[in-house]
Amino acid sequence: LGLTATICLQVSLMGIGLMLFAWLVEGELDGLLWQGILFALFEAILVCAIATFFSSVVITTTLTALYTSGVYIAGRSIEYLSYFLNQNSDYPQSIQATARILQKVLPNFSAFNISDSIVYGQAIPTHQILISLGYCLSYSSVLIALAIVIFEKRELT
């Protein structure tokens with residue numbers, strides 16, 4: 001909770017700074033920026049849960065950072081992999097099956113990427129915000145629960 005609170009505070013302060021800068025440049029506040037900040041918070045909460053999970057599994061902080069970064073990059077890229085596999089059916093069935101499994105297991109960070117909507121001035125509907133919040137909290141809860149189970153079984157000497 002401390003890590004998550006610290007990261008959320010940092011993201012919030014940077015978001016407020018961004019909104020103030022945009023206000024100084026544009027002369028008005030852009031209401032869509034708060035949605036971008038909100039989705040960045042969702043993403044940060046999920047990354048913190050992934051880092052907490054890996055910190056209970058591995059011993060060194062370097063491995064925790066590497067694994068967390070790997071899951072983040074894979075979670076950001078899994079939609080592209082699925083797109084390319086759907087466009088070309090010449091890939092072997094084993095690769096397609098592996099991609100489908102990864103798509104189900106890895107966190108879908110693309111769900112939190114709303115930059116195109118913000119750039120084009122399209123507000124995110126409330127139901128999409130709630131779905132993304134639910135996804136973030138449920139995925140994070142599962143990871144934290146797994147981390148607790150794993151950490152309780154570890155022998156600390």
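Predicted model, so just to flag it, every value in this text is computed and none were measured.

What counts as what
Residues numbered from 1 in each chain as written. Predicted model: local features only at pLDDT ≥ 70, side-chain atom pairs only at ≥ 80, totals over all residues. Heavy atoms only, no water. Phe/Tyr/Trp six-rings, centres within 6.5 Å; stacked < 30°, edge-to-face > 60°. Helix = DSSP H or I, 4+ residues; strand = E, 2+ residues; numbered from the N terminus. Buried < 20%, exposed > 50% of the residue type's maximum accessible area, 1.4 Å probe, protein only. Contact = heavy atoms within 4.5 Å. Core = buried A, V, L, I, M, F, W, Y, C linked by side-chain atoms within 4.5 Å. pLDDT = per-residue confidence, 0-100. Polar contact = N/O pair within 3.5 Å; in protein donor to acceptor, adjacent residues only side chain to side chain.

Draft legend 1. The packing of aromatic side chains, seen in detail. Under the criterion given, the structure shown has eight aromatic pairs. Their ring planes at 50° and their centres at 6.1 Å tell us that Phe 112 and Tyr 135 sit as a pair that is tilted. Note that Phe 112 is positioned in the loop between α4 (93–105) and α5 (115–119) and Tyr 135 in helix α6 (residues 126–153), a separation of 23 residues in sequence. The class for Phe 112 is buried, based on a relative accessible area of 4%. Overall, Tyr 135 belongs to the partly exposed group, its relative accessible area being 25%. Joined through ring pairs, the aromatic side chains of Phe 39, Phe 42, Tyr 72, Phe 109, Phe 112, Tyr 135 and Tyr 139 make up one cluster.

Draft legend 2. Main features of the side chain of Gln 35. Counting through the fold element by element, Gln 35 comes out in helix α2 (residues 33–57). With near-sequence residues (within four places) excluded, Gln 35 lies in contact with Ile 114, Ala 123, Ile 124 and Ile 129.

Draft legend 3. Layout of the nonpolar core. By size, the foremost hydrophobic cluster in this structure holds 25 residues, and its most contacted members are Phe 39, Phe 42, Leu 46, Ile 50, Phe 112 and Leu 143. Those elements that place two or more of their residues in this core are α1 (2–26), α2, α3 (61–87) and α6. If you tally residues by element for this core, the top one is α2, at nine residues. Apart from residues no more than four positions distant in its own chain, Ile 50 is found in contact with Thr 68, Val 71, Pro 107, Phe 109 and Leu 143.

Draft legend 4. Seen up close, the confidence of the model for the chain. Averaged over every residue, the pLDDT of the chain is 89; the share at 70 or more is 99%. The secondary-structure element of the chain with the lowest mean pLDDT is α4, recorded at 83, while α6 shows the highest, at 94.

Draft legend 5. Just the side chain of Glu 43, in detail. With respect to the secondary-structure elements, Glu 43 resides in helix α2. Exposure remark for Glu 43: the relative accessible area of 12% places this residue in the buried category. Once you skip the residues sitting within four places of it in the chain, Glu 43 turns out to touch Tyr 72, Arg 76, Phe 109 and Phe 112.

Draft legend 6. Molecular detail of the environment of Ser 55. Summarising the element assignment, Ser 55 is placed in helix α2. Residue class for Ser 55 comes out partly exposed when judged on its relative accessible area of 37%. Expressed as a C-alpha distance, the spacing of Ser 55 and Thr 68, which sit 13 residues apart in the sequence, is 9.3 Å. Contact partners of Ser 55, with chain neighbours within four places excluded, come to Thr 64 and Arg 154. Among the polar contacts listed, one links the side chain of Ser 55 to the backbone oxygen of Thr 52, at a separation of 2.8 Å.

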